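# Reading the structure
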Amino acid sequence: MAFPPKLLNEGEHVILDLHPHWWFLVAPVTAVVVALLATIVADVATSLTWLKLILVAVLLLAVLWLLLRYVRWVTTSLVLTNHRLVHRSGIVAKRGREIPLDHINDISYRQRFFERLIGAGDVVIESAGAHSEEVFEDLPKPSRIQNEIYRQIEAGKARASDRPAPRELSIPEQIEKLDELRQHGVLTQAEFDAKKAQLLDRM
């Protein structure tokens, strides 16, 4: 399932929308194939009804496992936008985690030897906050993900440096803002007069 466009903020677009690596489905697919072959062999080679029924039951369980794993694969995603990293998972109970790119302190990935051969691995994100380390497992091409996250972080920094600095309000404008606060009851008349006098002294 693609990341819903309605969940994107203004000026935000999707860079990567990933599901777990296909290796995530290998175990249940293997179970289905083995159970199917065993059922066919038993049907041809033996007349034992009880054995055939057991093998059919095993085949049905393997198919159910594959279906559940596939649904989990479809409903688990890691989305990288130009502003944030979004991880979503769950079939019935949904879980989500968002990390703004400017909160990410470090990105690394880890692969065992076999995972390097098939292009799978885990991506580890260290960010500011209580849960400083987040591990996203069984992702395709983790080095590519790491590089793309770094690229978007640098692009975000470049956009931030290009923004003009906010204009400082003039003293009459500051007094006008203070008067608005006084009218809304945020400042008392005495506080307004004191702050106004301080500003006028600076002119």
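Our subject is the structure that appears above.
Below or above, wherever it landed, is the structure these notes cover.

Counting its regular elements, the protein chain contains 6 helices and 7 strands. Ordered by position from the N terminus, the helices and strands of the protein chain form the series β-α-α-β-β-β-β-α-β-β-α-α-α. Here the C-alpha atoms of the protein chain give a radius of gyration of 29 Å, more than 25% beyond the 17 Å that 2.2 N^0.38 yields for 203 residues. The buried share among the 203 residues of the protein chain stands at 30%. Sequence separation of 24 or more characterises 50% of the internal contacts of the protein chain that already satisfy a separation of 6 or more. Counting every atom, the protein chain has about 13,600 Å² of accessible surface; 60% of that belongs to carbon and sulfur. One finds the centroid of the 24 positive side-chain charges in the protein chain at a distance of 7 Å from the centroid of its 25 negative side-chain charges.

Here the focus is the packing of aromatic side chains. Scanning the model with the defined rule gives 3 aromatic pairs in all. Seen from their ring centres, Tyr70 and Trp73 are 5.9 Å apart, and the 25° between their planes marks the pair as stacked. Residue Tyr70 and its partner Trp73 are both found in helix H2 (residues 49-74); the two are separated by 3 residues, about one turn of the helix. You can call Tyr70 partly exposed: its relative accessible area is 43%. Positioned above the aromatic ring of Phe24 is the side chain of Arg69, whose terminal nitrogen or guanidinium carbon lies 4.6 Å from the ring centre.

With that settled, the discussion passes to the packing of helix H5 (residues 171-183) against helix H6 (residues 189-201). Taken N-terminus to C-terminus, the directions of H5 and H6 make an angle of 175°; their axes are 10 Å apart at the nearest point. Classified by the interaxial angle, the pair formed by H5 and H6 is roughly antiparallel. Contact residues: Ile171, Gln174, Ile175, Leu178, Asp179 and Arg182 in H5; Gln189, Phe192, Lys195, Lys196, Leu199 and Leu200 in H6.

Next up on the list: the nonpolar core. Ranked by size, the top nonpolar core spans 16 residues in total, and within it Leu85, Ile104, Ile107, Ile125, Phe136, Ile145 and Ile149 carry the most contacts. Elements with a minimum of two residues in this core: strand S1 (14-18), strand S2 (77-81), strand S5 (104-110), strand S6 (120-127), strand S7 (133-140) and helix H4 (142-162). Setting aside residues up to four positions removed in sequence, Ile107 forms contacts with Val123, Val124, Ile125, Gln146, Ile149, Tyr150 and Ile153. Core analysis: the next-biggest nonpolar cluster, separate from the first, contains 6 residues, Ile175, Leu178, Leu187 and Phe192 among them.

The next subject is the pattern of salt bridges. For side chains bearing opposite charge, pairing can occur when the charged atoms are close. Overall, the coordinates contain 8 salt bridges when judged by the stated rule. In this structure, the salt-bridge partner of Glu12 is Arg84, at a minimum N-O distance of 2.6 Å. Of this pair, Glu12 sits in the segment before S1 while Arg84 sits in strand S3 (residues 84-89); the two residues are 72 residues apart in sequence, bridging distant segments of the chain. Among the residues examined, Arg84 registers a relative accessible area of 8% and is labelled buried. Between Asp43 and Lys52 there is a salt bridge; the shortest N-O distance is 3.6 Å. Asp43 gets classed as partly exposed once you look at its relative accessible area, which sits at 49%. Overlapping salt bridges bring together Glu12, Arg84 and Glu98 as one network.

Residues Trp22, Trp23, Phe113, Phe114 and Leu117 make up a contiguous nonpolar surface patch of roughly 610 Å² in combined accessible area. Positionally, Leu117 belongs in helix H3 (residues 113-118).

A sheet is described by the order of its strands in space; here 4 strands give the open sequence S1-S2-S3-S4, paired in antiparallel fashion. Two strands lie at the open edges of the sheet, namely S1 and strand S4 (95-100), each paired on one side alone. With strand direction ignored, the average angle separating the axes of adjacent strands in the sheet is 10°. With 6 bridges joining them, S3 and S4 adopt antiparallel strand pairing. Bridge pairing in S4 links Leu85 to Ile99. Along the sheet face, H4 touches S1, S2 and S3 and points at about 155° away from the line of S1.

What counts and how
- Residues numbered from 1 in each chain as written.
- Predicted model: local features only at pLDDT ≥ 70, side-chain atom pairs only at ≥ 80, totals over all residues.
- Heavy atoms only, no water.
- Helix = DSSP H or I, 4+ residues; strand = E, 2+ residues; numbered from the N terminus.
- Rg over C-alpha atoms; globule rule 2.2 N^0.38 Å.
- Buried < 20%, exposed > 50% of the residue type's maximum accessible area, 1.4 Å probe, protein only.
- Contact = heavy atoms within 4.5 Å.
- Areas by Shrake-Rupley, 256 points an atom, 1.4 Å probe, with all protein chains shown as cover.
- Lys, Arg positive; Asp, Glu negative; His and termini not counted.
- Charge placed at Lys NZ, Arg CZ, Asp CG, Glu CD.
- Phe/Tyr/Trp six-rings, centres within 6.5 Å; stacked < 30°, edge-to-face > 60°.
- Lys NZ or Arg CZ within 6 Å of the ring centre and 35° of its normal.
- Axes fitted to C-alpha atoms, helices over the stretch in contact; angles between N-to-C directions.
- Parallel < 35°, antiparallel > 145°, perpendicular 65-115°, else oblique.
- Core = buried A, V, L, I, M, F, W, Y, C linked by side-chain atoms within 4.5 Å.
- Salt bridge = Lys/Arg side-chain N within 4 Å of Asp/Glu carboxyl O.
- Patch = residues over 30% accessible without salt bridge, like charges linked within 9 Å, V, L, I, M, F, W, Y side chains within 5 Å.
- Pairing = 2+ DSSP bridges.

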